[in-house]
Amino acid sequence: ILKSGVPHPYKTTNGSQFPPVKKLRKKIILNNIPIYQINLNLPPQERWNQLIQDKKQDMLNLLNSLKKNSLLFFGSEMFHLVDNFMPYLTKTLPQPYQEELIGISKAADISLGEITLFNVFYEFFSVCTSIIIQSKDNCFYHGRNLDFGLFLGWDEKNNTWFTSEYLKPLVVKLEFKKNNKTLYSSINFAGYIGILTGVKKESFSLTVDERFKLNGGYIGISEWILGYHNQKWMGLLTREVMENAKDYKTAQKMLAKPKLIAPVYFILAGSKANEGCIITRGRTSFDIWNIGEKQTYQNGSWYLVQTNYDHWENPPFFDDRRTPAIICMEEFGQEKPFSTLNKVLSTRPVLNKLTTYTALMDVNEGSIEAWLRECTDPCWPWEVDLTGKFIDSSTDGVRSSAPEQQNISRETTEDVTV
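Per-chain numbering applies: the sequence of each chain, read as written, is numbered from 1 onward. Totals for whole chains, interfaces and linings use every residue, but because this is a predicted model, local features are given only for residues with pLDDT of at least 70 and side-chain atom pairs only at 80 or more, for both listing and counting. No hydrogens and no water enter the side-chain calculation; it runs on all heavy atoms of the structure.

Visitor: Could you clarify how one ought to interpret helix H8 (residues 234-244) in this entry?
Guide: Turn by turn, an α-helix covers 3.6 residues, leaving residues three or four places apart pointing in a common direction. For every residue, the accessible area obtained with a 1.4 Å probe (protein chains only) is divided by the maximum for its type, and the residue is called buried under 20%, exposed over 50%, and partly exposed between those limits. Labels follow the DSSP assignment, with helices taken as runs of H or I lasting at least four residues and strands as runs of E lasting at least two, numbered in each case from the N terminus. Counted residue by residue, H8 has 9 buried out of 11 residues, so it is predominantly covered. Restricting attention to buried positions, one finds in H8 the residues Met-234, Gly-235, Leu-236, Leu-237, Thr-238, Arg-239, Glu-240, Val-241 and Met-242.

Visitor: What should I look at first to understand the UniProt feature "active site" (unreviewed entry) in the protein in this one?
Guide: Per the UniProt record, "active site" (unreviewed entry) is annotated on Cys-128. By the element assignment, Cys-128 lies in the loop between helix H5 (112-120) and strand E2 (129-134). For Cys-128, a relative accessible area of 1% translates into the label buried. Every residue pair with non-hydrogen atoms within 4.5 Å of one another is taken to be in contact. Contacts of Cys-128, omitting those with residues within four sequence positions, involve Arg-144, Asn-145, Leu-146, Asp-147, Val-208, Asp-209, Gln-306, Thr-307, Asn-308 and Arg-321. UniProt positions are given in the numbering used here, feature names are shortened, and annotations may be inferred rather than shown by experiment.

Visitor: Help me understand a nonpolar patch on the surface in this model?
Guide: Like charges are joined within 9 Å and nonpolar side chains (Val, Leu, Ile, Met, Phe, Trp, Tyr) within 5 Å, but only among residues with over 30% relative accessible area and no salt bridge; these make up the patches. Accessible areas in this description were obtained via Shrake-Rupley with a 1.4 Å probe; residue shielding takes into account the shown protein chains only. Salt bridge, as used here, is a side-chain nitrogen of Lys or Arg placed within 4 Å of a carboxyl oxygen of Asp or Glu. Taken together, the side chains of Leu-81, Phe-85 and Tyr-88 present a nonpolar region at the surface, about 360 Å² in accessible area. Structurally, Phe-85 is set in helix H3 (residues 78-92).

Visitor: For this particular structure, what's the right way to read the pairing of strand E8 (residues 197-200)?
Guide: The side chains of a regular strand alternate between both faces of the sheet. Burial along E8 is two-sided: Thr-197 and Val-199 facing one way and Gly-198 and Lys-200 facing the other are all buried. We call two strands paired when DSSP finds no fewer than two bridges between them. Summarising the sheet, strand E7 (residues 181-189) and E8 pair through 2 bridges and their orientation is antiparallel. The residue bridging Ser-185 from the neighbouring strand is Val-199, located in E8. Inspection of the sheet shows E8 paired to strand E9 (residues 204-210) by 4 bridges, in the antiparallel sense. In the sheet register, Gly-198 faces E9, and the bridge partner there is Leu-206. Between E8 and E9, which pair antiparallel one after the other, the connecting turn spans 3 residues, and Glu-202 there sits at a positive phi close to 60 degrees.

Visitor: Would you mind going over the state of the cysteines with me for this structure?
Guide: Cysteine pairs can be covalently joined through their sulfur atoms, and such a bond is termed a disulfide. When two cysteine sulfur atoms lie within 2.5 Å, the pair is treated as a disulfide. Under the definition given, this model contains 1 disulfide. The disulfide bridge from Cys-375 ends at Cys-379, spanning 2.0 Å between sulfur atoms. Looking down the S-S bond of the Cys-375 and Cys-379 bridge, the torsion is 100 degrees, so its handedness is right-handed. A relative accessible area of 5% places Cys-375 in the buried class. For Cys-379, a relative accessible area of 12% translates into the label buried.

Visitor: I tried to follow the packing of aromatic side chains on my own but got confused; where do I start?
Guide: Pairs of aromatic rings are described using the distance from one ring centre to the other and the angle between the two planes. The pairing test for Phe, Tyr and Trp rings, Trp by its six-membered ring, is centres within 6.5 Å, and the orientation test on the planes gives stacked under 30 degrees, edge-to-face over 60, and tilted for anything in between. Within this structure, the stated rule accounts for 9 aromatic pairs. Taking the centre distance of 6.0 Å and the plane angle of 50 degrees together, the rings of Phe-212 and Tyr-309 count as tilted. Of this pair, Phe-212 sits in the loop between E9 and helix H7 (217-225) while Tyr-309 sits in the loop between strand E13 (303-306) and helix H10 (322-332), and the two are 97 residues apart along the sequence. Under the relative-accessibility criterion, Tyr-309 is labelled buried at 15%. Ring geometry for Phe-317 against Phe-318: centres 5.4 Å apart, planes inclined by 85 degrees, an arrangement best described as edge-to-face. Judged by its relative accessible area of 33%, Phe-318 falls in the partly exposed class. Within the aromatic cluster, the residues linked to one another by ring pairs are Trp-48, Phe-176 and Tyr-184.

Structure, rendered in structure tokens:
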């Protein structure tokens with residue numbers, strides 16, 4: 001389509017821009033994301049107190065919803081097991097994270113088992129889209145939609161996912177400080193101590209997308225419980241990277257090498273030219289896809305798009321967010337990075353009923369901005385409308401689906417030095 005010169009079916013008509021268009025501004029103000037400081041000089045059990053005191057009712061609402069909707073999958077005994085056995089898992093976690101979870105449990109007056117589960121389940125249920133852009137002046141911009149709550153309860157009355165809606169009041173912006181200086185900033189869910197979306201000024205930005213594999217987190221957790229602790233929890237590894245890595249290269253090595261509890265995609269952008277990549281992680285293997293390497297349908301070499309499927313394989317027909325994202329990236333261009341990211345992340349099915357928030361980051365400025373999202377009907381409950389139509393949320397215009405991708409294959413690299 002692009003080579004033929006015929007306008008592609010995803011073209012927008014209203015020139016949506018960043019910051020979001022005025023007609024949405026009232027909603028964004030109402031959904032204003034609060035900012036909290038996490039003082040790393042405080043004892044670990046005290047670091048999260050203010051945030052948790054403000055958000056504990058929202059945490060309880062989410063946990064009550066999870067209890068109700070998990071009955072379908074696990075039965076009524078699940079949370080009994082959580083309360084009795086999860087604290088043993090907590091005791092095996094490295095410091096200071098073990099102490100932080102204990103402090104959160106006390107501040108929220110929620111059992112330690114449920115707080116630990118609250119942190120563990122982000123390893124399994126997130127379905128996301130991340131994009132990095134290298135501008136013409138070689139600066140990096142990083143955007144993401146965090147989609148969460150698949151199969152965890154559908155609200156037929158409001159056409160929403162229960163868990164996705166209960167998560168939105170928990171979205172906060174965090175500034176991690178040490179010796180009165182901001183080390184890095186992130187967008188988090190209150191009660192979660194890992195990092196899914198973060199930026200370190202003049203160093204790097206990082207997002208995490210889940211990777212679906214048979215040798216996944218359930219096997220890793222089972223091994224951990226059996227005493228095999230020579231592996232990393234994804235959220236705790238990203239905390240370590242944000243706090244200890246001083247530059248892009250160091251962060252890349254820290255993310256690529258250790259054995260992991262669960263497979264994952266790390267999307268990483270740096271502060272210098274060509275410092276951008278997607279690290280596809282198996283539990284013991286990795287593949288690094290660098291900025292400049294093109295995907296199917298990708299003409300420009302100035303961006304990378306990652307959803308929840310290996311970039312060398314075709315995404316499944318029922319969850320293809322990659323194709324509309326790539327075609328929209330080509331259309332909107334490199335000239336205004338934040339505007340392009342906002343438009344693409346606001347295009348259905350990249351935006352969908354699971355989307356909790358959109359975040360945009362500027363690595364050199366160290367800035368991170370986010371807003372809560374609502375995908376108004378018509379909007380498919382998951383990532384793709386089975387009618388095969390993609391919709392621009394800013395125009396409500398219907399966009400027909402793109403042609404089927406070509407087959408490509410690529411093996412991940414195991415035991416290779418970065």
